[in-house]
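Chain residues, written in single-letter form:
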Amino acid sequence: MASRITAARAFLVDVAVETVRTDAVQSFLKQETIFVEITTEDGLSGLGYSYTIGTGGRAVLSMLRDHLVPQLVGLDSDRIEAVWFQLFASTRATTTGAITSLALAAVDTALWDIAAKRSGLPLWRLAGGFRRDVPLYDTEGGWLHLPTEDLVAGALASKANGLSGVKLKIGKPTGHEDLERLSAVRAAVGGNFDIMVDANQSMTSTEAIRRARQFDGLDLAWIEEPLPADDIEGHVRLAASTATPIAVGESMYSAAQFREYLDRGAAGIVQVDVARVGGITPWLKVAHLAETFNVHVCPHFLMELHVSLVAAVPNGRYVEHIPQLRAITRTEMEIADGRALAPETVGLGIDWDRDAMEDRIVE
Ligand code: MG
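Residues numbered from 1 in each chain as written. Predicted model: local features only at pLDDT ≥ 70, side-chain atom pairs only at ≥ 80, totals over all residues. Heavy atoms only, no water.

S.K.: Can you walk me through the overall build of the protein chain in this structure?
M.R.: Regarding its fold elements, the protein chain presents 12 helices and 13 strands. Radius of gyration (C-alpha) of the protein chain: 20 Å, near the 21 Å computed for a compact globule of 363 residues. Buried positions account for 57% of the 363 residues belonging to the protein chain. For the protein chain, contacts bridging at least 24 residues in sequence account for 72% of all contacts bridging at least 6. Of the roughly 13,700 Å² of accessible surface on the protein chain, 50% is carried by carbon and sulfur atoms. The average position of the 33 basic charges and that of the 48 acidic charges among the side chains of the protein chain differ by 2 Å. (Helix = DSSP H or I, 4+ residues; strand = E, 2+ residues; numbered from the N terminus. Rg over C-alpha atoms; globule rule 2.2 N^0.38 Å. Buried < 20%, exposed > 50% of the residue type's maximum accessible area, 1.4 Å probe, protein only. Contact = heavy atoms within 4.5 Å. Areas by Shrake-Rupley, 256 points an atom, 1.4 Å probe, with all protein chains shown as cover. Lys, Arg positive; Asp, Glu negative; His and termini not counted. Charge placed at Lys NZ, Arg CZ, Asp CG, Glu CD.)

S.K.: Would you mind showing me how to read the coordination of the magnesium ion here?
M.R.: In an ideal tetrahedron of four donors about a metal, each angle is 109.5 degrees. In an ideal octahedron of six donors, the angles are 90 or 180 degrees. Donor atoms from the polypeptide that bind the magnesium ion are Asp-198 (OD), Glu-224 (OE) and Glu-250 (OE), placed at 2.0 to 2.2 Å. Read in sequence order, the donor residues for the magnesium ion give the motif D-x25-E-x25-E. Of this pair, Asp-198 sits in strand β6 (residues 194–198) while Glu-224 sits in strand β7 (residues 222–224); the two residues are 26 residues apart in sequence, bridging distant segments of the chain. The class of Glu-224 is buried, set by a relative accessible area of 0%. (Donors = N, O, S within 2.8 Å, 3.2 Å for Na, K, Ca; no water.)

S.K.: I tried to follow the nonpolar core on my own but got confused; where do I start?
M.R.: Within soluble globular proteins, side chains that are nonpolar tend to cluster in buried spots. Counting 103 residues, the largest nonpolar core has Leu-64 and Trp-283 as the members making the most contacts within it. The element best represented in this core is helix α3 (residues 98–119), accounting for 10 residues. If you count residues domain by domain, this core takes at least three from each of domain 1 (5–120 + 354–360) and domain 2 (125–341). Apart from residues no more than four positions distant in its own chain, Trp-283 is found in contact with Val-272, Asp-273, Val-274, Val-277, Val-297, Pro-299, His-306, Leu-309, Val-310 and Val-313. With 12 residues, the next largest nonpolar core counts Val-134, Met-303, Val-307 and Val-310 among its residues. (Core = buried A, V, L, I, M, F, W, Y, C linked by side-chain atoms within 4.5 Å. Domains from an automatic or database assignment.)

S.K.: What am I meant to see in helix α11 (residues 303–312) here?
M.R.: Quick reminder: α-helices carry 3.6 residues per turn. Residues three or four places apart thus point the same way. When you tally the buried positions in α11, you get 10 out of 10 residues, the bulk of the element. When we look at burial in α11, the residues that qualify are Met-303, Glu-304, Leu-305, His-306, Val-307, Ser-308, Leu-309, Val-310, Ala-311 and Ala-312.

S.K.: Would you take a moment to explain the packing of aromatic side chains for this structure?
M.R.: Any two aromatic rings considered together are summarised by their centre-to-centre distance and by the angle between their planes. Scanning all chains against the criterion turns up 12 aromatic pairs. Seen in terms of ring centroids, Trp-84 and Phe-88 are 5.2 Å apart; in terms of plane orientation they differ by 15°. Their pairing is stacked. A residue pair is termed a helical-turn pair when its members lie 3 or 4 positions apart in one helix, as Trp-84 and Phe-88 do in helix α2 (residues 80–90) at four residues. Residue Trp-84 shares its accessibility class with Phe-88, and that shared class is buried. (Phe/Tyr/Trp six-rings, centres within 6.5 Å; stacked < 30°, edge-to-face > 60°.)

S.K.: Explain the pattern of salt bridges to me, please; I cannot follow it from the model alone.
M.R.: Opposite charge on two side chains allows them to pair when their charged atoms are near. Enumeration over the complete set of coordinates arrives at 29 salt bridges. Taking the shortest distance from any N to any O, the salt bridge between Arg-326 and Glu-18 comes out at 2.7 Å. Note that Arg-326 is positioned in the loop between β11 (319–321) and β12 (334–336) and Glu-18 in the loop between β1 (5–16) and β2 (30–40), a separation of 308 residues in sequence. For Arg-326, a relative accessible area of 40% translates into the label partly exposed. (Salt bridge = Lys/Arg side-chain N within 4 Å of Asp/Glu carboxyl O.)

S.K.: Just to check I follow, could you spell out helix α8 (residues 232–241) for this structure?
M.R.: Within the sequence span of α8, burial applies to Ile-232, Gly-234, His-235, Val-236, Leu-238 and Ala-239. Of the surrounding secondary structure, the elements contacted by the buried residues of α8 are α7 (205–214), β8 (246–248) and α9 (257–263).

S.K.: How should I be thinking about the domain arrangement of the protein chain in this particular structure?
M.R.: Where interface size is quoted, it is often the accessible area lost as the parts come together. Considered domain by domain, the protein chain is made up of domain 1 (5–120 + 354–360) and domain 2 (125–341). In this structure, domain 1 and domain 2 have C-alpha centres spaced 24 Å apart. Taken residue by residue, the interface counts 40 residues in domain 1 and 39 residues in domain 2. Of the roughly 3,000 Å² buried between domain 1 and domain 2, counting both surfaces, carbon and sulfur atoms make up 62%. Glu-81 is the salt-bridge partner of Lys-285, the closest N and O atoms lying 3.2 Å from each other. When residues of the side of domain 1 that touches domain 2 are traced back to their parent elements, those giving at least two are β1, β2, β3 (45–52), α2, α3 and α12 (354–359). For the side of domain 1 that touches domain 2, the element with the most residues is α3, which contributes 11 residues. (Buried area = accessible area lost by both parts, 1.4 Å probe.)

Here it is as structure tokens:
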């Protein structure tokens, strides 16, 4: 059987952060990048990956090495759903959970890399092929530690580069302080430019309702993760209180978690993260589910892979511009006229620099 898996391995590569990134609850320490490489009987090989922002990478690697990767040899790489569910079932007592989903994603993305290579297609076409170029917004100029003048300068630079919006972190001690920062940016960029805000789950539902009201008049594109991800009822109340869309998804670790948010009107934007949700297989399910609710998908981080997924589906709305793989890739994601272009290279389309990866292998 040509598509039979003959070898698989997992390894961990640390990539230093490209920019100091802080929000209301944390900072991005380093990108722990967990790779899985799979080869098949007909000589194809796929390289998949997953990540953390600095903690737990070794736990993901252990899950892969101790439990998941040893199951792969002999399985049919073309039967991605079957492989995914076998691995999921074998970790029953530790799912749904972040470590397991991150580990599943590294395997799943490797299988999609192989599937795309076997089909002779780039990922964005294999996964649906809706349109190649997608709007881009910038997050790199909006970190919480930056002074207001830097936020303004960053937003103006993004606009001058043709991007369609910027994301600004919120969660200063008072809503008034957040409001001053946001108002300065809105005044500088004018009306025809998206401003997203992100609280990183730092607020109570009552405080979020209050701040959303303070921000009325700024025409925000969305308020991201205002509340802890498990406070669905709080999201329902907040969404009912404001005209600004509520964006959630980067802290959800299974496709099914999105269903209740959508069903209850608690999510106006879905930000499903291909690594945290368990791979491309569940990512596409979430995107299609959101489409049935007439909700856009604007995935969290990981632009180098998400560009192909956003391009694949009709409800893909935005790619988040945060370059973080430049140290271990030879070419960057293509941007033209402020829009991200999905790679036409067969496979995932990420131009890995194997020597640079080798230099940064932790284990
Ligand atoms: Mg966020």
